[in-house]
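This is what each chain is made of:
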There are 2 protein chains.
Amino acid sequence: MSQIFKEHLQKFISVSDEEFEQILRYFKIIRVSKKEILQHEGKICRHQYFVLTGCLRKYLLNEKGIEVTTEFALETWWISENRAFEFQTESLFSIQAVENSEILTIDFQSMEKLYADFPIMERYFRFVYQRAFAAYQMRIKFLYTMSKEDYFFHFYDLYPEFVQRVPQYLLASFLGLTPEYLSELRRKKRS
Amino acid sequence: MSQIFKEHLQKFISVSDEEFEQILRYFKIIRVSKKEILQHEGKICRHQYFVLTGCLRKYLLNEKGIEVTTEFALETWWISENRAFEFQTESLFSIQAVENSEILTIDFQSMEKLYADFPIMERYFRFVYQRAFAAYQMRIKFLYTMSKEDYFFHFYDLYPEFVQRVPQYLLASFLGLTPEYLSELRRKKRS
DNA sequence: CGGATCGTTGATCAACTTCAACGGTCGTGG
DNA sequence: CCACGACCGTTGAAGTTGATCAACGATCCG
């Protein structure tokens, strides 16, 4: 299972088998079942999560009490409330399993120690955040230049398997529209 | 001038004066005047920019040919098209000076060399991207949970000096609304 | 002084939301 | 394994937010 993490690491930095074994000790692997919550909104954010298999989502409640999903994490993606993790404060988001999943986790103290003991990991996470940041920049670009209709069709064409994989009301929320409107767009797409 | 960069660096990593002098050699300091363009949409993205004084913005043209501003950078902020920089491909955005500015720049080759020669800089940029990513996460949160009216008032309360500092049509574009609607909201705010 | 650019106003319009209702299906307990 | 309830996706009507368009006045800059 940790093989998935090893391959991901080796895309960015070179680590020997022995080094990897040592690095792995700073992490824990856990199994979570569908709907299980890893991080509660308002609670201190103590961990970052790396998806080995399965799918997680990040969400919060809007003023009407409706869940708004702002992020999904699939295999080999990191997910966390980064601001809250960096400052060890209350998370503004919740993180929940969308499917039964295997997750690699690391807590704040282990992370600090890891950086101190293996400076090469600074480089790995520099890449991880750099790419995550770039992905968010693209997302802002789409949100700012496309209508919701175009955004949905664009997303559908790019990630057809993902559209099938998650419930529609979560996808709708993630794309920033209502389930009703998403339903209307699907009909339009078919015809 | 480079003092501003030094102080920013030292918020995240410790570097001696001599080290800083060496590090500084990988960068160039340039002056740009208002409206000058540093990065053209469609051209290879060769540099990252750090604002010492002044203000830059990142924007692109939507399908109607209207400029959409997706990011501003004030003093001590990095700005670049990260995806295009990482892969040295065509930028999807343009970067332009909003005011006369003093800018620290670094090109791709120097960046690679810098990381190789001063691994501590991996840590610095790990922090830079981590925070930039976190800021974008917050932005998505606001965009997903607030009406444009609420978003504008919220922004106005948080950054009143900035609202005064940039032209209104740029601010409107950055907040994702039309200048006309922004004008309406201002009137509402006053009354 | 003159032209272009920027902010404002009001009228009209479109995109998307809200609400209510219905049918299908999934999973859970009996 | 079946039956029931809860949840999910769909549909259509009505409503709202925010965009578009056109026109005007102010201001900035050459």
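Use the structure listed above.
Okay, so let's go over this structure. Worth saying up front: this structure is predicted, and the values here are computed from it rather than measured.

What to know about the relation of the copies chain A and chain B
You can overlay chain A on chain B at an RMSD of 0.0 Å; the transform is a turn of 180 degrees with a shift of 0.0 Å along its axis. When the rotation and shift are considered jointly, the pair of chain copies conforms to a two-fold rotation axis. By residue overlap, the copies meet face to face through one surface: 100% of the interface positions of chain A are interface positions in chain B.

With respect to the sheet that holds strand β3 (residues 47-53) of chain B
Residue and element names in this part refer to chain B. Taken in spatial order, the 4 strands of this open sheet run β1-β8-β3-β6, and their pairing is antiparallel. For this open sheet the edge positions go to β1 (28-32) and β6 (78-79), each flanked by a neighbour on one side alone. Relative to strand β8 (residues 101-107), β1 runs antiparallel, the two being bridged by 5 bridges. The residue bridging I29 from the neighbouring strand is L104, located in β8.

A word on unusual backbone geometry
Phi is positive for T76 of chain A, close to 70 degrees, though the residue is something other than glycine. Along the polypeptide, T76 of chain A turns up in the loop between β5 (67-73) and β6 (78-79). Taking the relative accessible area as the measure of exposure, T76 of chain A reaches 28% and is therefore partly exposed. The phi torsion at Q88 of chain B lies on the positive side, around 50 degrees, for a residue other than glycine. On the secondary structure map, Q88 of chain B appears in the loop between α3 (82-87) and β7 (94-97). Given a relative accessible area of 22%, Q88 of chain B falls into the partly exposed group.

Quick look at the nonpolar core
Among the nonpolar cores identified, the biggest contains 74 residues, and F5, M121 and Y124 of chain A together with F5, F27, M121 and Y124 of chain B are the most heavily contacted of them. Among all residues touching M121 of chain A, those that are not within four sequence positions of it are L9, I13, I23, L114 and Y115 of chain A.

Digging into the protein's contact with DNA strand C
Around DNA strand C sit 16 residues in total, of which K64, K148 and Y181 of chain A together with Q168 and Y169 of chain B are the nearest. Contact between DNA strand C and Q168 of chain B: a phosphate oxygen at 2.8 Å from a main-chain N or O atom of the residue. Here a phosphate oxygen of DNA strand C and a side-chain polar atom of R187 of chain B are 3.2 Å apart. Among the secondary structure elements, those contributing two or more residues to the surface near DNA strand C are α6 (148-158) and α9 (179-190) of chain A together with α8 (168-175) and α9 (179-190) of chain B. By residue number, the principal contributor to the surface near DNA strand C is α9 of chain B, which donates 4 residues.

Re the pattern of salt bridges
Counted according to the given criterion, the structure contains 24 salt bridges over all chains. Here R83 of chain A ties to E81 of chain A by a salt bridge, and the two come within 3.6 Å at their closest N and O atoms. A salt bridge links E71 of chain B to K58 of chain B; its shortest N-O distance comes to 3.0 Å. With a gap of 13 residues between them, E71 of chain B in strand β5 (residues 67-73) and K58 of chain B in strand β4 (residues 56-61) connect regions that are remote in the sequence. Take E71 of chain B: its relative accessible area is 8%, and that puts it in the buried class. According to the relative accessible area criterion, K58 of chain B is buried, its value standing at 1%.

Each value, and the rule that gives it
- Residues numbered from 1 in each chain as written.
- Chains lettered and ligands numbered in written order.
- Predicted model: local features only at pLDDT ≥ 70, side-chain atom pairs only at ≥ 80, totals over all residues.
- Heavy atoms only, no water.
- Least-squares fit on C-alpha atoms with pLDDT ≥ 70 in both.
- Contact = heavy atoms within 4.5 Å.
- Pairing = 2+ DSSP bridges.
- Helix = DSSP H or I, 4+ residues; strand = E, 2+ residues; numbered from the N terminus.
- Buried < 20%, exposed > 50% of the residue type's maximum accessible area, 1.4 Å probe, protein only.
- Core = buried A, V, L, I, M, F, W, Y, C linked by side-chain atoms within 4.5 Å.
- Near = heavy atom within 4 Å.
- Polar contact = N/O pair within 3.5 Å; in protein donor to acceptor, adjacent residues only side chain to side chain.
- Salt bridge = Lys/Arg side-chain N within 4 Å of Asp/Glu carboxyl O.

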